[in-house]
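Results of the structural survey
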Amino acid sequence: MKLFPIRGGIHPDYRKELASEKAIVSLPMPALLYIPLQQHIGAPAEVLVSEGQTVKKGQMIARGTGAVSAPQHASTSGRIKAVTQIPAPHPSGLAQTTIVIEPDGKDEWAELPEPIADPFTADAHTINERVAISGIVGMGGAAFPSAIKLNLGTQKKLDTLLLNGAECEPYLTCDDRVMREHADEVIDGARIMAHALGVPRVVIAIEDNKPQAIEAMTLAAKPFAQIEVVGVPVQYPMGSERHLVQAITGRETPAKKLTADIGVVVHNVATARAVHHAVRHGRPLLSRVVTVSGAAVRETNNIEAPIGARVSDLIAYCGGFVVEPASLVNGGPMMGQPLPGLDVPVIKGMSGILALTAAEINAQPASACIRCGTCVTICPCGLVPVEMAAFIRKDNFEVAARLGVMDCVSCGSCSWVCPSHIPLVHYFNYAKGMINAQERERRKNDQTRVLAEAHTQRVEAAAEAKRAALAAKKAQATAATATEEKASA
Amino acid sequence: MLLAVGSLTVMGVALGGLLGAAARFLAVEENPLEEELKAMLPGSQCGQCGYVGCGQAAAALARGEAPVTLCPPGGRATAEALAKKLGVTADLSEHEEKGPEYAVIVEDLCIGCTRCIKECSVDAIMGANKLMHSVIVDVCHGCAKCVKVCPTDAIEMRPIPVTLSNWHWAKPEAGHTVH
Amino acid sequence: MSLSSINQSGPFTHAASSVQKTMFMVLLALIPATAYDLYLFGWPAILLFTVTVGSCVMVEAGCLILVDQPTKAAFDGSAILTGWLLAMSLPPWAPWWIGVLGAVFAIALAKHTFGGIGQNMFNPAMVARVALLVSFPVIMTAWTMPHPLFSASAPGLAEAFNITFGAGMPDSVSAASALGYVKTELSRGIPVTQSMAHVPDLMDMALGTRAGSLGETSAILILAGGLFLMARRIISWHTPLAVMGSLFLMGTLFHAVDPARYTDGMFHLMSGATFLGAFFIATDYVTSPVSKRGQLVFGAGCGILTWTIRTYAGYPEGMAFAILLMNSLTPIIDQYTRPRAFGRTQKGEPLPLGEKAK
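Residues numbered from 1 in each chain as written. Chains lettered and ligands numbered in written order. Predicted model: local features only at pLDDT ≥ 70, side-chain atom pairs only at ≥ 80, totals over all residues.

Comments concerning the overall build of chain A
When helices and strands are counted, chain A shows 14 helices and 17 strands. Dimensions of chain A along its principal axes, counting C-alpha atoms only, are 115 × 60 × 50 Å. In chain A, the proportion of contacts linking residues at least 24 apart, taken out of those at least 6 apart, comes to 73%. (Helix = DSSP H or I, 4+ residues; strand = E, 2+ residues; numbered from the N terminus. Contact = placed C-beta atoms within 7 Å.)

Printed below as a string of structure tokens:
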């Protein structure tokens, strides 16, 4: 298959060998599970259970609200210990509403929705509905509710389902292991998704540094002519949705548009596996494979952990730390987020837990920019990081936006190469946050203006009505007196 | 002599006439800037800027008498828009320190007098006579007019809390040699 | 558990790159050519080189103290590099104070008044060279033929001290550079076709056995250093190719039109500071554009201006002037040569949704 080049990119030290040969193991059920209401992009789920209630495995304990949302399910059977606020696996460390389950050890299944016997005769709506109530979100890290993306076939003209098995982030091997060990499930999930989307063609893209995964997937895909497994060059950020679409199809997604607008929907391989479970077995998304790696952890692993297990449970399973980690990362080292601590739970979008030593991070104090231009050369989005950062440093977000800071995908390549160790991506994250906050403020001001005008009009109308009523009364009174006078006259 | 006086007079008359004509034919209508500025302000007439209402504030801005940061409820977005419109550079640090706020009615103290409801220019307060009032957080724009009219001091202003949905990364620490 | 990086967003890994490493890589690339040139021009050149580099580091340290920054930065390699390049652009037997004054021009005036490393508009070494050339035209054009170390004609250490720190260069050794010679002859009405017969042949020029500054000689070793930097991805091919390509093109083109008036392209390439300028000066990060397209524009500008100055202006060599002129255009080149953003047109508009799924 002919591939297309993507712009820029880097070749970081991948260190996948730390965990790539570790088969997926199941985490023993922890003493407590912490299931946050918001594990996805969109509105948080709404609690359906109360303290003290017993729940079964797979039972929905919080339902999706609004257009973009996803429900949460009990990862095992047990008792609801509390519905409380605990820190989220989010760099802010802010608390969010979380359902705490005390497992009873029986792991008893709730009554699950009927498996869809032949998904290829079922209509798209049935499959989407099943994916939606199964709480499936994008498992590559973005955690966007998958049902919404599967519904795009009704709105856009699609031709390809692109299954993202690139796993371009260093250290991470969870997708690699899933593809090696559960290739059949992934392929089946992909076929179901393709059917729901109504696309004739499935391409599964895997970076060339995972030959076993490519082999396993090729073998599993053999019976299906519509599926093509493609090895793509090892080039970070190949796994970025838009870039992968470009590499495979040569089509460039226009700014502010979706890949679906050019006919391609991208899903992660682990998501496809979750769809397989939901459709074929009626099982909601209750667990995920997490890569635990980094030089600071005693034993690296690919762990199938129940959603809600705490990071500390996984680290303990891996034998704790060899040395105090300098950083604890949720996800890969390039685009992952720092974890605020060990007590936060595993969520649906958590692909890795990295305990990194200072030597691995190689953080240095930033020095002045020498304008070497490497950031410009390697930016996969064709931006000029050095220039944007200079304006953001002066809090000039308007120019930064004009230079394209909102087009930045925060892949981290520029920060990675910068010889001056300038935290470029941090500047861009800051700018994006500020620009979004200002946008919210602007919308609020607009709303305020409208409401204030409505208020003024109402008050004036009321005053006018009052005046009119008064005048009418007066007129009536005058008229009455006049008649009286006439009568008396 | 006569020639000098004559020529100067002619020149004076001609130029004066020209000026007069220019003033008449090239006259600018009422300064449109004021209207534009007014449209940029929240329009809730809260008076926090020290002027009676947004119209007066806009007039002051147009005359260059008021700083672009005059509107606390408008926040940084408004200040920046005003600065751009007026072509001035503004020190927005004040807006940085004091984030947006919203009003909260302390239930124990509210006597249900409805004064705040009448005062609120965006109809953000719900309630009825003798009943506890409450503020619709999403609508309240933090003008604090209600605080002033409350007879029992039952309303307080609180900063809008940071949540997972509005949190964002802070500016990188300038621990390095920034130029 | 204390996590140091919680208030720092990713990435949590970094290339093993640093400013210092980059600078020292450039220095490494300069070593062969420099060593050979120092050998060619003997002790006086070694003394001047030492004085120039040393004073650059000292001036840098002094400036850093003035702005209250750690003096450790004086040894990050950038000041050494500036001094090194400046030394390579001076007449090898120039007196010591030329090097010291050059250091003050380069570091204090051209670099630190703009805010230090990364902030200067103009290449410090070239500012210093030009300032010296304009202020002391006689000394700055007093070239000498190579007198290799330990050769019969080479001055001994004591004699060298006298040249660098004392009486100066004896008149007897002075020689003209090839570019200077051709220019002088041309001004006397002798056509290029004749004067070219007396300049060293291209091979000698490539090897460096001719009169000139340190960096103007031994083009081959400079080229080797440049290729090394390209292999290490410190510089890219864009700037050097654009500089030399445009210079060669201009030379060849005009030579074809009038061989008596214009020297040929090959002569332009091999003479003067073409190689040093193309590989080491025009590629200076701070003062050249950041995008590859910008670097092509910048390089072409340098080449064309160099040719123009060499051909029409009063000075025989124009590389330094050309680079400084183009330095001043760098911000504007940067503005007009931004890469096309992903999903957008060159103008920054989102791509049209035209050729959809085929």
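And the narrative resumes.
Remarks on the overall build of chain C
Helices and strands together make up the secondary structure of chain C, namely 15 helices and two strands. Computed over the C-alpha atoms, the radius of gyration of chain C is 22 Å, within 12% of the 21 Å expected from 2.2 N^0.38 for a compact globule of 358 residues. Each principal axis of the C-alpha distribution contributes one length, and for chain C these read about 70 × 55 × 30 Å. The buried share of chain C, reckoned over its 358 residues, is 54%. If you take every contact in chain C between residues at least 6 apart in sequence, the share linking residues at least 24 apart comes to 72%. (Rg over C-alpha atoms; globule rule 2.2 N^0.38 Å. Buried ≥ 20, exposed ≤ 12 C-beta atoms within 10 Å, placed from the backbone.)

Overview of unusual backbone geometry
All names here are of chain A. Residue Tyr236 is joined to Pro237 through a cis peptide bond whose omega torsion reads 0°. Topologically, Pro237 is positioned in the loop between strand 11 (227-232) and helix 6 (241-249). A positive phi angle is found at Asp107, which is not glycine, with a value near 55°. Structurally, the position occupied by Asp107 is in the loop between strand 8 (95-103) and helix 1 (124-133). A tally of 14 C-beta atoms within 10 Å means that Asp107 is categorised as partly exposed. The backbone of Ser410 shows a phi angle near 55°, a positive value even though the residue is not glycine. Summarising the element assignment, Ser410 is placed in the loop between helix 12 (397-402) and helix 13 (413-417).

Regarding the packing of helix 14 (residues 292-312) of chain C against helix 15 (residues 319-336) of chain C
All names here are of chain C. Running from N to C, helix 14 and helix 15 cross one another at 150°; their axes reach a closest spacing of 8 Å. One finds that helix 14 runs roughly antiparallel with respect to helix 15. Relative to helix 15, the crossing made by helix 14 is right-handed. On the side of helix 14, the interface is formed by Gly294, Val297, Phe298, Gly301, Cys302, Leu305, Thr306 and Ile309, while helix 15 contributes Met319, Phe321, Ala322, Ile323, Leu325, Met326, Leu329, Thr330, Ile333 and Asp334. (Axes fitted to C-alpha atoms, helices over the stretch in contact; angles between N-to-C directions. Parallel < 35°, antiparallel > 145°, perpendicular 65-115°, else oblique. Left-handed = near helix turned anticlockwise from the far one by under 90°.)

A closer look at the interface of chain C and chain A
Where the parts come together, the accessible area they lose is often given as the size of the interface. Contacts between the two partners involve 38 residues from chain C, matched on the other side by 64 residues from chain A. Here the residues of the side of chain C that touches chain A are counted per class, giving 19 nonpolar, 14 polar and five charged. (Nonpolar A, V, L, I, M, F, W, Y, C, P; charged D, E, K, R; others polar.)

Quick look at the domain arrangement of chain A
Residue and element names in this part refer to chain A. If you check the domain split of chain A, you get domain 1 (19-293) and domain 2 (364-489). The distance between the C-alpha centroids of domain 1 and domain 2 comes to 35 Å. With five residues of domain 1 in contact, the opposing surface of domain 2 contributes five residues. Class assignment for the residues of the side of domain 1 that touches domain 2 results in three nonpolar, two polar and no charged. (Domains from an automatic or database assignment.)

A few points about the pairing of strand 9 (residues 160-165) of chain A
Residues and elements named next belong to chain A. Counting buried residues in strand 9 gives six out of six residues, a clear majority hidden from the surface. The side-chain alternation of strand 9 yields two buried faces, one formed by Thr160, Leu162 and Asn164 and the other by Leu161, Leu163 and Gly165. Across six bridges, strand 9 lies against strand 10 (residues 201-207) in parallel orientation. The partner of Asn164 across the bridge, within strand 10, is Ala205. Here strand 9 runs beside strand 12 (residues 264-268); their pairing, made up of five bridges, is parallel. Counterpart to Leu163 in the pairing with strand 12 is His267. (Pairing = 2+ DSSP bridges.)

Structural notes on the environment of Ala363 of chain A
Mapped onto the elements, Ala363 of chain A comes out in the loop between helix 9 (358-361) and helix 10 (374-378). In sequence terms Ala363 of chain A and Pro423 of chain A are 60 residues apart; their C-alpha atoms lie 9.8 Å from each other.

Some words on helix 11 (residues 238-257) of chain C
With 20 residues, helix 11 of chain C ought to run about 28 Å at 1.5 Å a step, and its terminal C-alpha atoms sit 28 Å apart, in line with that. Those residues of helix 11 of chain C that fall on the buried side of the exposure criterion are His238, Thr239, Pro240, Ala242, Val243, Met244, Ser246, Leu247, Met250 and Gly251 of chain C. (Expected span 1.5 Å × (residues − 1).)

Focus on the packing of helix 11 of chain C against helix 14 of chain C
Residue and element names in this part refer to chain C. Put simply, helix 11 and helix 14 touch, their axes get as near as 7 Å, and they point 35° apart. Note that helix 11 runs across helix 14; the crossing there is right-handed. On the side of helix 11, the interface is formed by His238, Thr239, Pro240, Leu241, Ala242, Val243, Met244, Gly245, Ser246, Leu247, Met250 and Gly251, while helix 14 contributes Lys292, Gln295, Leu296, Phe298, Gly299, Ala300, Cys302, Gly303, Ile304, Thr306 and Trp307. In the contact of helix 11 with helix 14, the residues fall into 13 nonpolar, nine polar and one charged.

Things to note about the environment of Tyr312 of chain C
Position of Tyr312 of chain C relative to the elements: it lies in helix 14. Sequence separation between Tyr312 of chain C and Lys183 of chain C is 129 residues; the distance between their C-alpha atoms is 9.4 Å.

Here we look at helix 10 (residues 219-231) of chain C
Residues and elements named next belong to chain C. Here helix 10 is 13 residues long and its end C-alpha atoms lie 18 Å apart, about the 18 Å a rise of 1.5 Å per residue gives. Residues of helix 10 that are buried: Ala219, Leu221, Ile222, Gly225, Gly226 and Leu229. A positive backbone phi angle near 60° is found at Arg233, which sits one or two residues after helix 10.

So, the sheet that holds strand 6 (residues 72-73) of chain A
Residue and element names in this part refer to chain A. Spatial strand order, 3-5-6: three strands in an open sheet with antiparallel pairing. Because the sheet does not close on itself, it has two edges, and the strands there are strand 3 (46-47) and strand 6. Here strand 3 runs beside strand 5 (residues 60-63); their pairing, made up of two bridges, is antiparallel. Paired with Val47 across the two strands is Ala62, which belongs to strand 5.

So, the nonpolar core
Judged by nonpolar contacts, the single largest core of 253 residues is most densely connected at Ala190, Ile204, Met217 and Leu314 of chain A. Of the residues forming this core, the biggest block, 20 residues, is contributed by helix 1 (residues 19-66) of chain C. Each of domain 1 (19-293) and domain 2 (364-489) of chain A contributes no fewer than three residues to this core. Residues in contact with Ile204 of chain A, not counting those within four places in the same chain, are Leu163, Gly165, Ala190, Met217, Ala221, Ile227, Val229 and Val230 of chain A. (Core = buried A, V, L, I, M, F, W, Y, C linked by C-beta atoms within 7 Å.)

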